Structure formats: structure tokens, C-alpha cells
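Descriptive structure summary
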Amino acid sequence: RFDVSAPWLNRVIERKPRLFVRAVDDVSFEVPKGGCLSLVGESGCGKSTVARLVTGLYAPSEGSIAFAPGADGRPLSVQMIFQDPYASLNPRWRVFDIIAEPLRELKLRETEAEIADRVAELLKTVGLTASDGRKFPHEFSGGQRQRISIARALASEPDFLVCDEPTSALDVSVQAQILNLMRRLQDEMGLTYLFISHDMSVVRHMSDQIAVMYLGRIVEQAPTEVLFAHPRHPYTQLLLETIPNVTAPRRDREPQAGEVPSPLKPPSGCTFHPRCPQADSRCSAERPEMTAMPDGSRVACHRVEEMLARMA
Ligand code: SF4
Ligand code: MG
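Residues numbered from 1 in each chain as written. Chains lettered and ligands numbered in written order. Predicted model: local features only at pLDDT ≥ 70, side-chain atom pairs only at ≥ 80, totals over all residues.

**Description of the sheet that holds strand β10 (residues 217–223)**
If you trace the eight strands from one edge of the open sheet to the other, you get β6-β7-β8-β5-β9-β10-β12-β11, paired in mixed fashion. Looking along the sheet, the strands with just one partner apiece sit at the ends: β6 (78–81) and β11 (290–292). Across this sheet, the average inter-strand angle for adjacent strands is 20 degrees, counted without regard to direction. The pairing of β6 with strand β7 (residues 160–164) spans four bridges and is classified as parallel. (Pairing = 2+ DSSP bridges. Helix = DSSP H or I, 4+ residues; strand = E, 2+ residues; numbered from the N terminus. Axes fitted to C-alpha atoms, helices over the stretch in contact; angles between N-to-C directions.)

**Remarks on the site of ligand 1**
Lining the immediate surroundings of ligand 1 are 13 residues, of which C270, C276, A279, C283 and C301 lie closest. When its residues are assigned to classes, the shell around ligand 1 shows eight nonpolar, four polar and one charged. (Near = placed C-beta within 6 Å. Nonpolar A, V, L, I, M, F, W, Y, C, P; charged D, E, K, R; others polar.)

**Overview of the environment of D187**
Mapped onto the secondary structure, D187 falls in helix α6 (residues 172–189). D187 sits in the exposed class, given 9 other C-beta atoms within 10 Å. Linking D187 and G34, residues 153 residues apart in sequence, is a C-alpha distance of 7.8 Å. (Buried ≥ 20, exposed ≤ 12 C-beta atoms within 10 Å, placed from the backbone.)

**Things to note about the confidence of the model for the chain**
Overall, the prediction assigns the chain a mean pLDDT of 83, with 81% of residues at 70 or greater. The secondary structure element of the chain with the lowest average pLDDT is strand β2 (residues 9–12), at 32, and the one with the highest is helix α4 (residues 112–125), at 98. Low confidence marks residues 1–21, where pLDDT is under 50. Its contacts with residues over four positions away, or in another chain, come to 59 contacts. Taken as a whole, residues 246–254 scores under 50 in pLDDT and shows six contacts with residues more than four places along the chain or in a different chain. Interface predicted TM-score (ipTM) for the complex: 0.96; the corresponding pTM is 0.83. (pLDDT = per-residue confidence, 0-100. Contact = placed C-beta atoms within 7 Å.)

**Some words on the nonpolar core**
Among the nonpolar cores identified, the biggest contains 67 residues, and A151, V162, L194 and V212 are the most heavily contacted of them. Of all the elements, helix α5 (residues 142–155) adds the most residues to this core, at six residues. Taken domain by domain, the makeup of this core includes at least three residues from each of domain 1 (88–155) and domain 2 (233–311). Setting aside chain neighbours within four positions, we find A151 in contact with I99, L122, L123, T125 and V126. (Core = buried A, V, L, I, M, F, W, Y, C linked by C-beta atoms within 7 Å. Domains from an automatic or database assignment.)

**Section: helix α9 (residues 234–241)**
For an α-helix, the turn length of 3.6 residues means that residues three or four places apart are oriented alike. Where α9 is concerned, the buried positions are P234, Y235, T236, L238 and L239. Structurally, α9 contributes buried residues whose contacts are with β5 (36–40), α7 (200–206), β9 (209–214), β10 and α8 (224–229).

**What about the packing of α4 against α5?**
In a pair of packed helices, the angle between the axes and the distance between the axes together describe the arrangement. With their axes 9 Å apart at the nearest point, α4 and α5 run at an angle of 130 degrees to one another. Regarding the angle of α4 to α5, the classification is oblique. The element α4 and its partner α5 pack so that their crossing is right-handed. When α4 is examined against α5, the residues L122, L123 and T125 are found in contact with a partner set consisting of A151, L154 and A155. Residue composition of the contact of α4 with α5, by class: five nonpolar, one polar and no charged. (Parallel < 35°, antiparallel > 145°, perpendicular 65-115°, else oblique. Left-handed = near helix turned anticlockwise from the far one by under 90°.)

**Quick look at the pairing of strand β8 (residues 192–197)**
Most of β8 is tucked away, with six of its six residues classed as buried. Burial along β8 is two-sided: T192, L194 and I196 facing one way and Y193, F195 and S197 facing the other are all buried. With five bridges connecting them, β5 and β8 associate as parallel partners. Bridge pairing in β8 places L37 opposite L194. Pairing of β7 with β8 involves five bridges; the strand directions are parallel. Across the sheet, C163 pairs through a bridge with F195, a residue of β8. For the crossover from β7 across α6 to β8, the handedness is right-handed. (Right-handed = clockwise from strand over helix to strand, strands pointing away.)

See the structure below:
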């Protein structure tokens, strides 16, 4: 299992260097080996911060990121796939060298011939050809570039792949191809995914478990079927109401009920209370604790007793 526990994490907001924001607070989750946990929420909820903490791109200001060691005792290898394949590939390198770099860095192959064989194999794995290695990133479409990023991530033989909105920059038809590729690779290679998305229909396709984040906290976590059949937290219900009809323009795909408050001044009590249709006086005063439900979901909401009563 991969246990990630990071209480009291802060993050620096890039353009305001002296401002510290608690972007992620007391977030903890487990991802079973070979499984996929998705983090969902609107932009600014902290899900990308969690991704960057898990991959070591950000260091937590307090707390820790813990990985249970692999069975053979070697450290886990974590790789990240980014939203924007345009920005994450060096435009001046040939695709061959982009994919060969981790093989060289980590000394996974000795000779140039072995490196060439492995690069060709990785290109084939992601649906490209060995001759594509001679080209530069700009010669490919967005979907093909995401395939190149996946090949590069796979080159270092990762145990754990953190995928931050890997398809949200792509056309809908191409999105499905990349998601199917990722699922096939997961089956074939036993990969474990932490999948970050704002799109409920995408996470439904990918995940075993879904964790819903709001203003830096997980407000509900459940097995995928349970979450879709019985969304409990009012915020999860709001996200599910706005499930895209794939032809709708993007602005219709974000929740409509009110704005996300600034993480600089989070609301008191349950931070969702200004937008919550079910809020009462308790909600602005007290922060709800995470409570486990009998069907495997966990929810942080003061209305949890009523939910349990309805289940009984
Ligand atoms: Fe809504 Fe209150 Fe539950 Fe928060 S605790 S989600 S405000 S009902
Ligand atoms: Mg993001």
C-alpha cells in the first residue's frame, strides 16, 4: 500500500512570494498497489498541490509524505504525467533523447544498442513507432505528445504514477484514447495511479476510489460505484449534478452554485457552508469530522447522522 499522510501543509503562492497559504490541510489517503485513486475538485482545491507533494516537486512545510517501501525494499519510483504535454517536453530534443534520458540517468540500460531497443519498445507500448523517435515534439499532435510523456514516465520503471489532469488539454475523442491507453498499461504493468481531475466522468472511467477535495481538504472518499450511487457530501452532489454532457462548452462543466472562496480566507466551520444548500447554524461554527459509513464511504459533514438514519 502507498500511505500518504500530510497534515498541515503550506504552499507558497508563486506570484506573491511572502504569502503563505494552507493549500492542503490534513490530507491522508491510501492507494492500494495496482489501484487508482482519483482526487477530484474544482480548480484551486489543492489537488495539484497534493500531486506535487507526492512527487517531491513541493516539500511540505509541516507533516510528511510516507510511502510504504516496495516488497524488495528498494525505494519507490514515482513519476508524474502533467496536464500540458506541450510544456512538459523539451522542444529542442528529439523524442528518442527525451525517452532515453531516464534510461541513461538511472543506468537502466548499459549500451547505446540496449537504449535504442528499449526506446523503440516504449514507443511501441504507447502506440507510436520507432521512427517517431527521430522527430521533435512539435511534429506531433497533442494526444501523441501525451503518449510521448507517458513513454518517458514509463522509461524509469515507476511503481506509482501521479497524473495531473493528463487529458484535460486534449479533444474529447483523443481523451478517451489516452485514458484507455493508461488503463491498459495499468493492467499490463501493475501500475498504481494517483489521478487528478476536475472531470467526474473521467474519474468514473479511471478510478477504484475517489476522494473529493474542497479548499484543501478531502470532504468525501468512497469506492467509485458507491460514490456515484450514493453521493453523500453536498459538494459531491453538486459536482455530480454538473457532470458534463460531453458536447457542452467547458464553462458549463464547473459547479454553478456560488464561487469557490479564497483559500487565503477560508470560511469558518465547514468551509463549504457558504455554498451549501443544506447548511444550518452548526455548519459555520464547527468543522465536521470525517465519519466512516457502512458501505465504505467516508464523509465530513454534520448531516452524517441523518444519512446514517436513512441507510438504517
Ligand atoms: Fe453542508 Fe453543513 Fe454538511 Fe458542510 S457540514 S456540507 S455546510 S450540511
Ligand atoms: Mg491543477
